[in-house]
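# Secondary and tertiary structure notes
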Number of protein chains: 2
Amino acid sequence: MSDGKKIIQIQKNIYDDNDRLAAEIKTELASKRISLINILGTPGCGKTTFLIGISKYLKDKKILVIEGDLESDIDTVKLNSLGIDSFQINTHGGCHLDAVMIEKALNSINDKDYDIIFIENVGNLICTNEYDLGETKRVLLTTVTEGSDKPYKYPYIFEKADAVVINKIDLLPYVQFDEDFFKKGIRHVNPTSPIFKLSSLRDEGTEPFVDWLKKGL
Amino acid sequence: MSDGKKIIQIQKNIYDDNDRLAAEIKTELASKRISLINILGTPGCGKTTFLIGISKYLKDKKILVIEGDLESDIDTVKLNSLGIDSFQINTHGGCHLDAVMIEKALNSINDKDYDIIFIENVGNLICTNEYDLGETKRVLLTTVTEGSDKPYKYPYIFEKADAVVINKIDLLPYVQFDEDFFKKGIRHVNPTSPIFKLSSLRDEGTEPFVDWLKKGL
């Protein structure tokens, strides 16, 4: 077999193994009535600030954040300092989280304590999309500063999102963002998932997203 | 051999093959006195606007842009409409460009016509960093909206950059960006590469970058 064919076969094995383990995680957490929410987005789209923002509306729930980063524990330190339980995964160069990493993290904590476990995935609009982590819902966080053409250039991640969040709307007066064009691009690949607009920094528009989240728990 | 060991070996073969071809591209373009500039950055960091911005200061050079995107030809259409020669590569889900794609693109155009060929890589701070494209220089484009912790979370791409550009400085009054912390993070992994601050949209700070670029041709 050529290297090309070999890598396609091995990649398929990796995806299959990942999906099997993800299905086990999903079943296990469902039996404990725990929701797992996978948050995806570009580097710097505000995933941690978003989690801090929605946590204020989830005081009646026990939540944990699993943080995925190549290096550093900046976000875990920040979340813990705010009283939000957080667990750090460092991929040391890896471009995505996978189900094995999530299983190991869950084995390291007493997950029965939690109602919702959020995963802040590595900042990446491509590779993260290929790995099911056993999540209940997948949320794609975008921003008005990234421009309105992203659904056309990165359609696959918009296609699989259970919800799309447009963050940083406080910056709308200062950037070129064509909301109609952006939404048209999403609807081309994803006709039904809800689209939310908010500013986590200013706590604007947070509640409609939290309502949707709570309905899906 | 286990799947894990197999994929490490095949990945090594892929990197080795890529590096060999990249070295050939580098030699070939050098013999024609053509510079190849690899532009990396997150989705939405303003790579195309940056290229349009610097092109105004390169009227004495014949330039071409090779555009890398998963899907769409939005940027190529835009550049061509502005009189900037542009060639589209669609990876159809691939998370980076590689030397094979660049060689194919160069074979499709009459590269002897150009002084500088820019590559606008796929928006990704991780996988793009692993593939030498035969470039003369590698430029990392970041923005003030992405936050100041990026060098700590994505150190590998900062380490390999020949220049780091902080774009969108027109948004500085409206975002939280700690420039000292950001630069300290870069210097931790990359002690010498120059750091430029500019706003391509407002054409502020473009000339120092162009001066650096021209010196390296």
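The text that follows walks through the structure, step by step, so that each part is easy to find. Residue numbers run consecutively from 1 along every chain, following the written order of its sequence. Going through the entries in the order they are written, you letter the chains from A and number the ligands from 1. Whole-chain, interface and lining totals are the exception, using all residues; otherwise, since this is a predicted model, local features are given only for residues with pLDDT of at least 70 and side-chain atom pairs are given and counted only at 80 or more. Side-chain descriptors were evaluated using all non-hydrogen atoms of the structure, hydrogens and water having been removed beforehand.

Attention now moves to the sheet that holds strand S5 (residues 137-143) of chain B. Residue and element names in this part refer to chain B. Should DSSP find at least two bridges between two strands, the strands are taken to pair. Helix and strand assignments follow DSSP, with helices taken as H or I runs no shorter than four residues and strands as E runs no shorter than two, numbered in order from the N terminus. Strand order across the open sheet formed by seven strands is S3-S2-S4-S1-S5-S6-S7, with parallel pairing between neighbours. Sheet topology places strand S3 (85-90) and strand S7 (195-197) at the edges, where each strand pairs with a single neighbour. Here the strands of the sheet are splayed against their neighbours by 20° on average, with no regard to which way each runs. Every residue pair with non-hydrogen atoms within 4.5 Å of one another is taken to be in contact. Each axis is a line fitted through C-alpha atoms, taken for helices only over the stretch in contact, and angles between the N-to-C directions span 0 to 180 degrees. Lying on the sheet, helix H4 (residues 99-108) is in contact with strand S1 (35-41), strand S2 (63-69), S3 and strand S4 (116-120); it crosses S3 at an angle near 140°.

Here we come to the pattern of salt bridges. Between Lys or Arg on one side and Asp or Glu on the other, a salt bridge is scored when a side-chain nitrogen of the former is within 4 Å of a carboxyl oxygen of the latter. A complete count under the given rule lists 24 salt bridges over all chains for this structure. With its nearest N and O atoms 3.8 Å apart, the salt bridge here joins B:Arg202 to B:Asp170. With B:Arg202 in the loop between S7 and helix H8 (206-215) and B:Asp170 in the loop between strand S6 (163-167) and helix H7 (179-189), the pair connects residues that are 32 residues apart, well separated along the chain. Throughout, exposure labels follow a simple rule: accessible area from a 1.4 Å probe, protein chains only, divided by the maximum for the residue type, with under 20% read as buried, over 50% as exposed, and the rest as partly exposed. Under the relative-accessibility criterion, B:Arg202 is labelled partly exposed at 45%. A single network of salt bridges, built from pairs that share partners, joins A:Asp75, B:Asp149, B:Lys150 and B:Lys153.

The next thing to look at is the sheet that holds strand S4 (residues 116-120) of chain A. Residues and elements named next belong to chain A. Taken in spatial order, the seven strands make up an open sheet running S3-S2-S4-S1-S5-S6-S7, and their pairing is parallel. Here the strands that pair on one side only, and so sit at the sheet edges, are strand S3 (85-90) and strand S7 (195-197). On average, adjacent strands in this sheet sit at an angle of 20° to one another, irrespective of strand direction. Looking at chain direction, strand S2 (residues 63-69) and S4 are connected through five bridges and run parallel. Bridge assignment links Ile-66 to a residue of S4, and that residue is Ile-119. Together, S2, S3 and S4 form the strand contacts of helix H3 (residues 74-81), whose direction differs from that of S3 by roughly 175°. Its contacts with the sheet put helix H7 (residues 179-189) on strand S5 (137-143), strand S6 (163-167) and S7, and the angle it makes with S7 is roughly 155°.

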